[in-house]
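One letter stands for each residue in the lines below.
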Amino acid sequence: SERVLDIDARLFNEQRQILVMSYDMTQVRQLEKMQQDFVSNVSHELKTPVTSLIGFTETLLDGAKDDPETTTAFLQIMEKDAKRLQALIQDIIQLSKGQQALDDPVQPVFLYELLNQIAENYATQRKAKDLTLTINGDPDLTWSTKVALFYPIAKNLIENAIKYSPEGKKITITYAVTDVLTLTVADEGFGIDSDDQQRIFERFYRVDKARDRQSGGTGLGLAIVKESIEKLGGKIEVQSHPGVGSTFTVILPVL
Ligand code: ADP
């Protein structure tokens with residue numbers, strides 16, 4: 001009977017190995033599928049503006065260029081297409097940079113200076129919509145981090161708050177360090193309903209395709225935010241109500 005047991009144990013072990021292997025394969029396949037989806041999404045997103053650019057170029061060359069008004073109108077569309085391509089390429093580069101930034105040294109950054117610099121970079125968009133932006137936090141506070149991962153987190157959250165706010169609203173950025181860094185970006189913008197809140201961190205997910213594309217977004221911003229936060233060992237939460245506004249809270253541990 002000992003032999004039977006022995007064989008049983010071996011069978012059991014073999015089955016376990018098979019189980020373990022098939023589990024691993026599922027993960028590999030999931031990863032492969034995610035990469036395939038990403039490539040096909042990227043191709044699609046790149047194709048749309050390129051097709052449009054070629055179409056308008058051909059129409060202009062075919063004679064539309066003889067009418068100055070048509071030329072101006074077409075060139076404005078073409079500029080938008082080109083900017084869209086630029087934004088997509090920048091975000092795709094950012095996604096792959098994140099991987100390399102894992103090995104970066106940890107350096108102290110002045111939080112106020114960095115956040116204020118980002119806000120300044122969007123001064124034109126803010127003024128166009130008469131948005132008030134406030135930064136709350138100790139101006140002398142530093143935080144030691146991998147800047148190449150930290151910067152895109154703050155940049156994308158601030159950019160979104162500006163993009164998804166209607167005229168005359170307030171944006172409030174708050175930071176504090178206890179044993180962790182807490183950074184919140186709060187807006188009084190369009191808000192996000194709870195079903196969409198689950199999905200906004202996925203690559204290329206947009207709540208309202210037409211509106212969000214119009215705003216110049218690529219659908220990659222929050223994916224970059226989430227992936228950068230994961231690489232820094234932190235987490236992000238969103239609280240939002242449609243028509244009221246959104247608050248994104250980032251918590252990062254000491255590295
Ligand atoms: P995008 O480049 O389109 O802005 P993101 O990945 O940054 O893509 O965000 C995904 C979607 O989440 C956006 O298209 C938008 O619908 C929604 N969203 C992100 N931030 C906000 C915000 N502060 N207020 C309202 N909606 C937001």
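Our subject is the structure that appears above.
Reference entry: report on the structure contained in this document. (Residues numbered from 1 in each chain as written. Predicted model: local features only at pLDDT ≥ 70, side-chain atom pairs only at ≥ 80, totals over all residues. Heavy atoms only, no water.)

This next bit is on the side chain of Ser165. With respect to the secondary-structure elements, Ser165 resides in the loop between helix H5 (147-163) and strand E4 (170-177). Separated by 2.6 Å, the side chain of Ser165 and the backbone oxygen of Ala161 make a polar contact. Here Ser165 is in contact with Lys129, Leu131, Ile171, Asp187, Glu188, Gly189 and Phe190, once residues within four sequence places are set aside. (Helix = DSSP H or I, 4+ residues; strand = E, 2+ residues; numbered from the N terminus. Polar contact = N/O pair within 3.5 Å; in protein donor to acceptor, adjacent residues only side chain to side chain. Contact = heavy atoms within 4.5 Å.)

Our focus in this paragraph is the packing of H5 against helix H8 (residues 221-231). Closest axis-to-axis distance for the H5/H8 pair is 9 Å, and the angle between their directions is 145 degrees. The interaxial crossing formed by H5 with H8 has left-handed handedness. For the pair formed by H5 and H8, the contact residues are Leu149, Pro152, Ile153, Asn156, Leu157 and Asn160 on the first element and Gly221, Leu222, Ile224, Val225, Ser228, Ile229 and Lys231 on the second. For the contact of H5 with H8, the per-class residue count stands at eight nonpolar, four polar and one charged. (Axes fitted to C-alpha atoms, helices over the stretch in contact; angles between N-to-C directions. Left-handed = near helix turned anticlockwise from the far one by under 90°. Nonpolar A, V, L, I, M, F, W, Y, C, P; charged D, E, K, R; others polar.)

This brings us to the sheet that holds strand E7 (residues 245-253). Backbone hydrogen bonds are what pair the strands of a sheet, in a parallel or an antiparallel way. Across the sheet, five strands lie side by side as E2-E4-E5-E7-E6; this open sheet has mixed pairing. The open sheet has two free edges, formed respectively by strand E2 (132-136) and strand E6 (235-241), since each of these has just one partner strand. For this sheet the average axis-to-axis angle between neighbouring strands, irrespective of direction, equals 10 degrees. By the bridge criterion, seven bridges tie E6 to E7 in an arrangement that is antiparallel. Bridging across to E7, Gln239 finds its partner in Thr247. In the packing of H5 onto the sheet, the strands contacted are E2, E4, strand E5 (180-187), E6 and E7, and the crossing angle to E5 comes to about 20 degrees. (Pairing = 2+ DSSP bridges.)

What follows concerns the packing of aromatic side chains. Counting across every chain of the model gives three aromatic pairs. Between Phe201 and Phe248, the ring centres sit 6.4 Å apart and the planes meet at 80 degrees, which makes this aromatic pair edge-to-face. Placement of the pair is Phe201 in the loop between helix H6 (194-197) and helix H7 (209-214) and Phe248 in strand E7, with a sequence separation of 47 residues. Phe248 carries the same exposure label as Phe201, and that label is buried. Here the basic side chain of Arg203 rests over the ring of Phe38, its NZ or CZ set 4.4 Å away from the ring centre. (Phe/Tyr/Trp six-rings, centres within 6.5 Å; stacked < 30°, edge-to-face > 60°. Buried < 20%, exposed > 50% of the residue type's maximum accessible area, 1.4 Å probe, protein only. Lys NZ or Arg CZ within 6 Å of the ring centre and 35° of its normal.)

So, on to helix H3 (residues 111-121). When H3 is considered as a whole, its buried residues turn out to be Leu111, Leu114, Leu115, Ile118 and Ala119. Angularly, the buried residues of H3 cover 135 degrees about the axis, an arc narrow enough to put them on a single face. (Arc of directions from axis to C-beta.)

Here we come to the packing of helix H2 (residues 68-101) against H8. Packing of H2 against H8 leaves a shortest axis separation of 10 Å and a crossing angle of 10 degrees. When the interaxial angle is binned, H2 and H8 end up roughly parallel. In this structure, H2 contributes Asp91, Gln94, Leu95, Gly98 and Gln99 to the contact, and H8 contributes Gly221, Ile224, Glu227 and Lys231. Taken together, the residues of the contact of H2 with H8 break down into two nonpolar, four polar and three charged. (Parallel < 35°, antiparallel > 145°, perpendicular 65-115°, else oblique.)

Counting residues in hydrophobic clusters, the biggest one holds 39 residues, and the most contacted among them are Leu115, Leu157 and Phe248. Contributions of two or more residues to this core are made by H3, E2, H5, E4, E5, H8, E6 and E7. Top element by residues in this core is H5. It accounts for eight residues. Each residue touching Leu115, except ones within four places of it in the same chain, is listed here: Ile135, Ala154, Ile158, Ile173, Tyr175 and Leu183. Of all hydrophobic cores here, the second largest spans seven residues; its members include Phe38, Leu88, Leu95 and Ile224. (Core = buried A, V, L, I, M, F, W, Y, C linked by side-chain atoms within 4.5 Å.)

This part takes up the pairing of E7. Pairing of E5 with E7, which is carried by eight bridges, proceeds in the antiparallel orientation. Each bridged residue has a counterpart across the sheet, and for Val185 the counterpart in E7 is Phe248. Following E6, the chain reverses through three residues before pairing antiparallel with E7; Gly243 in that reversal takes a positive phi of roughly 85 degrees.

Moving on, we get to the pattern of salt bridges. Inspection of every chain in the model, using the stated rule, returns eleven salt bridges. Taking the shortest distance from any N to any O, the salt bridge between Glu159 and Lys163 comes out at 3.5 Å. Highlighted residues: Glu159 and Lys163, both in helix H5, separated by four residues, approximately one helical turn. Connected through shared salt-bridge partners, Glu45, Arg84 and Arg206 make up one network. (Salt bridge = Lys/Arg side-chain N within 4 Å of Asp/Glu carboxyl O.)

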